[in-house]
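# Notes for the structure review
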Amino acid sequence: MIYGYCKISGAVLLIICLLFAFAPNYAFSVQRFPPPQFKSGHVLPETTQAPPRSDFYEYLDAGVLLAALAVATYLALKRRSRTGLLILTIFSLAYFGFWRMGCVCAVGSVQNVTITLFQTGYSIPLVVVIFFALPLIFTLFFGRTFCAAVCPLGAIQDIFVIKPVRVPRWLDRGLRVIPYLYLGFAVLFAATGSAFIICEYDPFIAFFRRGGRAAILAFGGLLLILGMFVGRPYCRYLCPYGVVLSWMSKASKWHVSITPNECIQCRLCEDSCPFEAIDSPTEEKANTPRTEGKGRLITLIILLPLFIAMGVGLGAGVGSYLSRIDPDVRLAERIWLEDTGQIDEMDDASEAFRKTGRPSSELFAEAKQLRRQFRIGSMILGGFLGLFTGIKMISLSIKRSRKDYETNRTHCVSCGRCFSYCPVEKDEK
Amino acid sequence: MMNKTNIDPDTWYSLYRIFLAVAVIAGTFSLIVSLLLTVNYIAGKQGDPLDSERLLELKEELLRNPNNEVLKEDIRKLDLRLRKEYFRRRRFTRIGAYMLIFGIAIFLGSMLPVMKYRKNPPMPDSPKTSQKAEASRTRQLVIGIGSFIAGFAIAIAVIDRPNNYEIPQQQPVADITASEEKIEIQEIPATQVTEGSPAETQGTQETQVETTKSYPTEEELKKNWPRFRGPGGLGISQYTNIPEMWDGTTGEGILWKSSIRLPGKNSPVIWGNRVFVTGANETERAVYCFDAGSGELLWEKPVVVAMADPEPPEVSDDTGFAAPTPVTDGRWVFAMFANGDIICFDFDGNEIWSRNVGPFDSMYGYASSLLMYKDLLIVLLDQGGAEDGMSEIIALEAATGKSVWGTDRPVPNSWATPIIIDTGEREEIITCGSPWVIAYDPATGAELWRADCLGGDIAPSPVYANGLVYVTNTYETLAAIRPGGEGDVTETHIVWEAEDGLPDICSPLTNGELVFLLETYGLMTCYDAKDGTKVWEEDTVETFNTSPSLVGDKIYLITVDGITIIVEAGRQFKEVVRNELSEGVLTCPGFVDGRMYVRGEENLYCIGEK
C-alpha cells in the first residue's frame, strides 16, 4: 500500500513538473487607444495578452471532462477504487485547475446559464453548456462522481484532507443551508447582468492562476488550512453548484454504496466519512408514541406559505440595497452624489462616464430600471429561500426508517474513503 | 497501523519516519515561502510606480516648470527605478508561487502515508448523539440562521432609502466652482457696450450680480461677435460703420495692436469691452482677454485640465494647437484646444469648469469651433474614420460642463464648424461631414435629417439664408439644401448644386441673393442663391485661408499676407480697395460697431477710428 502512495507522490511531482513545462503563451494584440509617439524615438513594446482559447482546446476540455466523469464513475461505482479516484483527483486538479486555470468550471457555469436565460444579448458558448450539463447528467444517473475526482475545486480540497475531525451532525446539516443562499444571490446577480460572484469570489482560482487579489488568496489559503481538519469546507458549506448536484444526486438511479453487498451492521464505517455523509440506521421507535412530532410537522406544513410570504416581503425590502452590486447603479449613485454636491471630486468611473458625453438622466433611468429588476428578483429569491427553509424544517421533522449504514445521497461526494472500512469489501476482494 | 504483510513493521516505521521528516521539511519550507511572499506583497503594495508620491510630486513640479530638463531627467530615473523594483517583486512572487506549490505538493504527498500509518482504527462503540436530538438542534440552527438573515434584511429594508436621483434645481454642482443659482458674473451689459463705442465702455463697472437669466437674447448676440464668423456663424457684420481704409505699415486706421504670446489659428470673439482669443503650443495652452477699447491684456489664463493626455496631439501647421475659435455668451467664455481641453472662464478670468474630451484621431489636428445654443455648449467631435464610430456631437451644460446629450455621427474626422438655424418652425444644428450634411435638434441632439452631398476632408462651414442651407467642399459640390425634412433628404431637399470654384478651406458667404465662394488660391465665384446659376468668377491671384465676411454691401477678403481686399457684393465683381496689415492673417475678423478686430500671426489688431 505504501508503495502506492509513493507512486501517487511521484505522480504529483511529475504533473507539477509538466505544468512548469507549459510556458505562458502570448499573442500580439491591438492597442485600445492610439499610443503616444515619443519624440525621443522611444518605441513602445508590442502589447501582448493571453490569446483566446482555440476551438480545439475547447473541444479537448469538453472531451476530457466527459472522459474524467466516465472514469470517475467507473472507479467509484464499478472498481470501487479509492486509489484510482485519488489519482484522477490529482489529474483533474492539474488539468482543470492549474493548466486550464479553473475556467470554465462547472461551478461558475451556473451564472452563464442564468444570464443566458435572462439577458437576451448574451450568447453562451457551447463548451460552457457542456460544463454545466454533463456533471448534472452524470449525477442524475450515478451520484456526485463529478465532486469525487473531477471538479478542481473539490480536488484541491480533497488532497488537503489530512486529519479530518468530526463536525457535529446538527452543525454540519445546519451550515449546509448556506450554499442555497449563495446560489440564490449568484443567480440573482447573474440574471440582472450585474456580477458573477461565484467567479469573483472563487477562493481557489488565485492558486490555479498563480496570482490574484490578496483577500481571495488569503480566503483560499484559510479554506485549505481549515480543510486539513474539516473536509472540503467549500464544497459542503458554500458551493452553489453543489446545491443543484445534490438535487440530482438525491434522485440518482445508481449511487456509491459503502458496502458492495449486504451491510453486516459492524459499524466500522461509522466514522469513516470526513464529510458527514454516512447515515446511521435509525433508532428503535418501540417506545415512541405515534403522535410524537406530528403536531410539529402539521404546524410546519401550515406555516410553509408564511415562510414563503416572509421571504418575498423581505426580498422586496432589500432589492434596492442589493441593486448596488450592479456597477451601473453604483455609478449612478456616484454621479448623483457629485451632481448634488455631496462629493467634491470625481472618481475614475464618474470621470470616464462624463467623458462619454452621456447625459446623467439616461444613467439614472437605467439605474432605476435595474433597481426594479432587482426588486422583483429579490422577491423571487426571498420566496425561494422561504420555501427552502420551510421544506428543510419539514424534512427535519419527518421520521425516517433506515436499517443499514448508507451513504447520504444528497451529501455524499463519492470519494470512496469508506470502501476500505467495510469488511465485506475486503472479503470480496 | 498498516498491516501490509510483505513489509516488516520496522521497515514500515522507518518509511513512516522518512515521510514524516520530508513532510516536516516541506511544510516548514512552504511556511517560509508563504511568509516571504506575504512580506513581498505588503512591501509591493507601497511600491506601485503609479502611486509613488515622489513621482507624482515631481510630475506636478514639471507642470509648473515644463522646460526644466533636469527635472525631466530626475523623473525618468525615478520612474525607471520604480518600474524595475515593481517588476522585481512580480518576478519574486511568480517564482515564490511555483516554489510554494512545489513545497505543498511534497508536503501533501508525504503526509498521505504518514496519516495512513497513524490512522486510528474505527471505534464502533463510541457514544453517539441521539438522532432526535440532532434533528432538533439542526432545526434550531436553521431557524437561527434564517432569523439572522431575516433580521439583517429587515435592518437593511428599514435603513436603506432608495435613491430617486432627483437633482434639486438650486443645488450646487460638484465638479465646478459655480452653481446655477449663485453664479456671480460680471455684468457686461451688451446694450450699453454696443450703443456707444467700446472706448466709452472701457470703464464699465463690473458689479457682482446674481442672475437668473441663463443665456443672452438674440438681440444681444447680434450686437456682439460671440463665435466663429460672428452671430449665427454666417460671417455677416451687423454693423455697416466698419472702416474701409487703413494701413498697417504706417498705423493709419489702426486703433491698437497687442501681441499674443502663444500662437493660434483661432479668430477673436468680442463681447462688450472684451476681446477673447486663445493660444497654444505643444506644452502650453492659454486664454487671453483684451480690453476692446485699449487693447490692454486684461488677463492671460493658463489652461491645465486634469485627465488630459500629457503627450501633445499630432497637428498640422495649418491648424496648430489652438485652431478652435472660442465662444462667449456674455457671462462666460469657452475655449477648446487640439488636445481636447475645454475650459470655461468668467469675464474676470476665474475658471468655472474644465474637462477634456480628447485625445482626437484627427488627420490635421482638431479645428472645429465651439458654438452655443441657449444654455448649451455644442461641441462637434468628428474624428477617425467613418467606420471607426468615433465621431459625435455633444452638448454640455454651459454652467457646469456636464454632458446633456451626445449623438454619434456616421462621418470621419472633419474641421468645419456647425451653425444653428431657425427655419421658422424649428431650430436645427447644421453639421457638415463626409458624406453627410446632418441636422440635429439642438435641445436633444436627435437627428432630424441628413443629405448625402459632401466628401473628402470637410473644412468649409455651412451658411444659411432665406430658407436654404449652403454647404460646399472642394472636388464635391456647392449644394443648397432646404432644411426642415426628416430622414434622408438627399433626393428631396437638395434644391440645386454647382461644381465650379469649390473651396477647400474658406467657408461660403451669402447675402441671401448671392452665394460667394473663395478658393484658397484666389478664385472667387458668385452664384445666384435661388437657383445656383453662376453669376461671375474672378481670380484675385491671392492666397486665402480666411473666409469672406460681409459688411453691408461689401465683402472683406483677407489674404494670408494680411491684405484685405474689399469687393462689392453684387452681380458683378468689383474691387473697391486693398488695405495692408503688417503681418499675415489666417483667421476670420470680428466686426463690432465701427471696429474690425483681426488676429495676425503674432498680434491682435483693432481697426477703427479713434
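Quick caveat: nothing in here was measured; it's all calculated off a predicted structure.

### Quick look at helix 14 (residues 240-250) of chain A
Residues and elements named next belong to chain A.
- Counting buried positions over the eleven residues of helix 14 gives eight, a clear majority of the element.
- Looking at helix 14, one finds that the buried residues are Pro240, Tyr241, Gly242, Val243, Val244, Leu245, Ser246 and Ser249.
- The elements touched by buried residues of helix 14 are helix 4 (106-118), helix 5 (126-142), helix 6 (145-149), helix 9 (178-191), helix 10 (197-200) and helix 13 (233-237).

### A closer look at the sheet that holds strand 11 (residues 351-356) of chain B
Residue and element names in this part refer to chain B.
- Read from one edge of the open sheet, four strands run 8-9-10-11, paired in antiparallel fashion. This sheet does not close on itself; its edge strands, each paired only once, are strand 8 (327-328) and strand 11.
- The sheet contact formed by strand 9 (residues 332-336) and strand 10 (residues 341-346) spans five bridges and is antiparallel. Across the sheet, residue tryptophan 332 finds its bridge partner in strand 10, namely aspartate 346.

### Quick look at the sheet that holds strand 27 (residues 523-528) of chain B
Residue and element names in this part refer to chain B.
- Sheet architecture is open: four strands sit in the order 25-26-27-28, paired in antiparallel fashion. The sheet terminates laterally at strand 25 (509-510) and strand 28 (534-539), the two strands that pair on one side only.
- With five bridges joining them, strand 26 (residues 514-518) and strand 27 adopt antiparallel strand pairing. Bridge assignment links phenylalanine 516 to a residue of strand 27, and that residue is cysteine 526.

### Concerning the pattern of salt bridges
All names here are of chain A.
- Applying the stated rule across the entire model yields 45 salt bridges over all chains.
- Notably, a salt bridge pairs arginine 82 with aspartate 158, separated by 3.0 Å at the nearest N-O pair. Of the two residues, arginine 82 sits in helix 3 (residues 82-99) while aspartate 158 sits in helix 7 (residues 152-158), which places them 76 residues apart along the sequence.
- Notably, a salt bridge pairs arginine 176 with aspartate 172, separated by 2.9 Å at the nearest N-O pair. Taken as a pair, arginine 176 and aspartate 172 share a single burial class, namely buried.

### Focus: the confidence of the model for chain A
All names here are of chain A.
- For chain A, per-residue confidence averages 84 on the pLDDT scale, and 86% of positions sit at 70 or higher.
- When pLDDT is averaged over each helix and strand of chain A, the minimum, 42, is found for strand 1 (residues 27-28) and the maximum, 95, for helix 13.
- Across residues 10-29, confidence stays below pLDDT 50; counting only partners more than four residues off in sequence or on other chains, it has 28 contacts.

### Thoughts on the packing of aromatic side chains
- Applying the stated rule across the entire model yields 35 aromatic pairs over all chains.
- Ring centres of Phe91(A) and Tyr95(A) lie 5.9 Å apart, and the angle between their planes is 15 degrees; on these two criteria the pair is classed as stacked. Here the residue Phe91(A) and the residue Tyr95(A) both occupy positions in helix 3, the gap between them amounting to four residues, near one helical turn.
- Relative accessible area serves as the criterion here: at 35%, Phe91(A) is assigned to the partly exposed category.
- Measuring from ring centre to ring centre gives 6.4 Å for Phe148(B) and Phe152(B), while their planes differ by 10 degrees; the resulting arrangement is stacked.

### Here we look at the nonpolar core
- Counting 109 residues, the largest nonpolar core has Val107(A), Phe146(A), Tyr234(A) and Tyr241(A) as the members making the most contacts within it.
- Leaving out residues up to four positions away in the same chain, Tyr241(A) has contacts with Ala106(A), Val107(A), Val110(A), Phe131(A), Phe132(A), Pro135(A), Leu136(A) and Phe146(A).
- In terms of nonpolar packing, the next biggest core, distinct from the first, is built from 33 residues, Leu468(B), Ile494(B), Ala498(B) and Leu502(B) among them.

### Let's talk about unusual backbone geometry
- Cis geometry marks the peptide bond from Gly358(B) to Pro359(B), where omega comes out at -5 degrees.
- Cis peptide bonds are those with omega within 30 degrees of zero, and the linkage from Ser434(B) to Pro435(B) qualifies with 5 degrees.
- Looking at the element boundaries, Pro435(B) is found in the loop between strand 17 (427-432) and strand 18 (436-440).
- Even without being glycine, Arg232(A) reaches a positive phi, approximately 45 degrees.
- Within the secondary structure, Arg232(A) sits in the loop between helix 12 (214-227) and helix 13.
- Accessibility expressed as a relative area gives 1% for Arg232(A), which makes it buried.
- Its identity as a non-glycine residue notwithstanding, Asn466(B) has a phi of 50 degrees, on the positive side.

### Here we look at a nonpolar patch on the surface
- On the surface, Ile137(A), Leu140(A), Phe141(A) and Trp254(A) cluster together into a nonpolar patch covering about 360 Å² of accessible area.
- Structurally, Leu140(A) can be placed in helix 5.

Thresholds, definitions, all that
Residues numbered from 1 in each chain as written. Chains lettered and ligands numbered in written order. Predicted model: local features only at pLDDT ≥ 70, side-chain atom pairs only at ≥ 80, totals over all residues. Heavy atoms only, no water. Buried < 20%, exposed > 50% of the residue type's maximum accessible area, 1.4 Å probe, protein only. Helix = DSSP H or I, 4+ residues; strand = E, 2+ residues; numbered from the N terminus. Contact = heavy atoms within 4.5 Å. Pairing = 2+ DSSP bridges. Salt bridge = Lys/Arg side-chain N within 4 Å of Asp/Glu carboxyl O. pLDDT = per-residue confidence, 0-100. Phe/Tyr/Trp six-rings, centres within 6.5 Å; stacked < 30°, edge-to-face > 60°. Core = buried A, V, L, I, M, F, W, Y, C linked by side-chain atoms within 4.5 Å. Patch = residues over 30% accessible without salt bridge, like charges linked within 9 Å, V, L, I, M, F, W, Y side chains within 5 Å. Areas by Shrake-Rupley, 256 points an atom, 1.4 Å probe, with all protein chains shown as cover.

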